[in-house]
Amino acid sequence: MNITQTALSLNVADVDASAGFAESFFGYEAAMAADGFVSLRHPDSNTNLIFLATGLSTFKPSEIAGSAGQGLLLVFVVDDLDGEFARIEAAGARVVTPPETEPWGERFCQFADPNGLIWQLVQWVDQPA
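Residues numbered from 1 in each chain as written. Predicted model: local features only at pLDDT ≥ 70, side-chain atom pairs only at ≥ 80, totals over all residues. Heavy atoms only, no water.

Trainee: Can you walk me through the sheet that holds strand β3 (residues 37–41) in this structure?
Mentor: In any sheet, the strands associate via hydrogen bonds between backbone groups, in a parallel or an antiparallel arrangement. Ordered in space as β1-β4-β3-β2, the four strands form an open sheet in which the pairing is mixed. The open sheet is flanked by β1 (6–12) and β2 (29–34), the only strands paired with a single partner. If you compare each strand with its neighbour and ignore which way they point, the axes differ by 20° on average. By the bridge criterion, seven bridges tie β1 to strand β4 (residues 47–53) in an arrangement that is parallel. Looking at the pairing, Val12 lines up with Ala53 of β4. Here helix α1 (residues 15–26) sits on the sheet in contact with β1, β2, β3 and β4, set at roughly 10° to β3. (Pairing = 2+ DSSP bridges. Helix = DSSP H or I, 4+ residues; strand = E, 2+ residues; numbered from the N terminus. Axes fitted to C-alpha atoms, helices over the stretch in contact; angles between N-to-C directions. Contact = heavy atoms within 4.5 Å.)

Trainee: I'm lost on the packing of aromatic side chains in this one. Help?
Mentor: The description of an aromatic ring pair uses the distance of the two centres, along with the angle that the planes make with each other. Counted by the stated rule, this structure contains nine aromatic pairs. On the basis of an interplanar angle of 50° and a centroid distance of 5.3 Å, the ring pair of Phe21 and Trp119 is categorised as tilted. Highlighted residues: Phe21 in helix α1 and Trp119 in strand β8 (residues 118–124), separated in sequence by 98 residues. With respect to class, Phe21 is no different from Trp119; both count as buried. Residues Phe26 and Phe76 carry aromatic rings whose centres are separated by 5.4 Å and whose planes lie at 45° to one another, so their mutual orientation is tilted. Taken as a pair, Phe26 in helix α1 and Phe76 in strand β5 (residues 73–77) lie far apart in primary sequence, 50 residues in all. Phe76 shares its class with Phe26; the two are buried. (Phe/Tyr/Trp six-rings, centres within 6.5 Å; stacked < 30°, edge-to-face > 60°. Buried < 20%, exposed > 50% of the residue type's maximum accessible area, 1.4 Å probe, protein only.)

Trainee: I would appreciate a short explanation of α1 in the present structure.
Mentor: Every α-helix winds through 3.6 residues per turn, so residues three or four apart in the chain are directed the same way. Given a rise of 1.5 Å per residue, 12 residues ought to cover 16 Å, and the 16 Å separating the end C-alpha atoms of α1 matches this to within 8%. Along α1, the positions that sit buried rather than exposed are Val15, Ala17, Ser18, Ala19, Phe21, Ala22, Phe25 and Phe26. For α1, the side-chain oxygen to backbone nitrogen distance between the N-cap and Asp16 is 3.2 Å, and the N-cap itself is Asp14. Backbone geometry just after α1 places Gly27 at a positive phi near 80°. (Expected span 1.5 Å × (residues − 1). Polar contact = N/O pair within 3.5 Å; in protein donor to acceptor, adjacent residues only side chain to side chain.)

Trainee: What is the right way to read the layout of surface pockets from this model?
Mentor: Empty space among the atoms can be located by rolling a probe the size of a water molecule over them. Considering only enclosed or pocket space, the largest pocket measures out at about 330 Å³ in volume. Along its surface, the largest pocket is lined by 16 residues, and Phe26, His42, Phe76, Val77 and Val78 are the ones closest to its centre. Elements with a minimum of two residues in the lining of the largest pocket: α1, β5 and α2 (81–90). (1 Å grid on protein atoms, 1.4 Å probe; cavity = no way out; pocket = protein on both sides within 12 Å on 5 of 7 lines; lining within 4 Å. Points joined across faces, edges and corners; volume = space filled by probe spheres on them.)

Laid out in structure tokens, this is it:
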């Protein structure tokens, strides 16, 4: 299998709100859009984010067409978590979890977009032996 690109598709109540959040705070750019749909790309990643309006009639399989969110984390590994946290917080994103470090070396913080999706930044740090 030769995978040439990856996309993550999420159903949300307000497509424009999540797309705007991704563009404003995370540097995503709209690649294509239609009524109830937007596909975003990031200049530093080969993964697209797709937001679909909850209840879109073209969603398949229809039996799982509910909203994304509960138990879902959108996780992005970055080089400077504290710098990115300060930038995103200062720009007005809602902070869910300020930076903290797990015992295994995962330093992370979390933000919520207007649809309640959790956007998490991670930086791996060395832990004392």
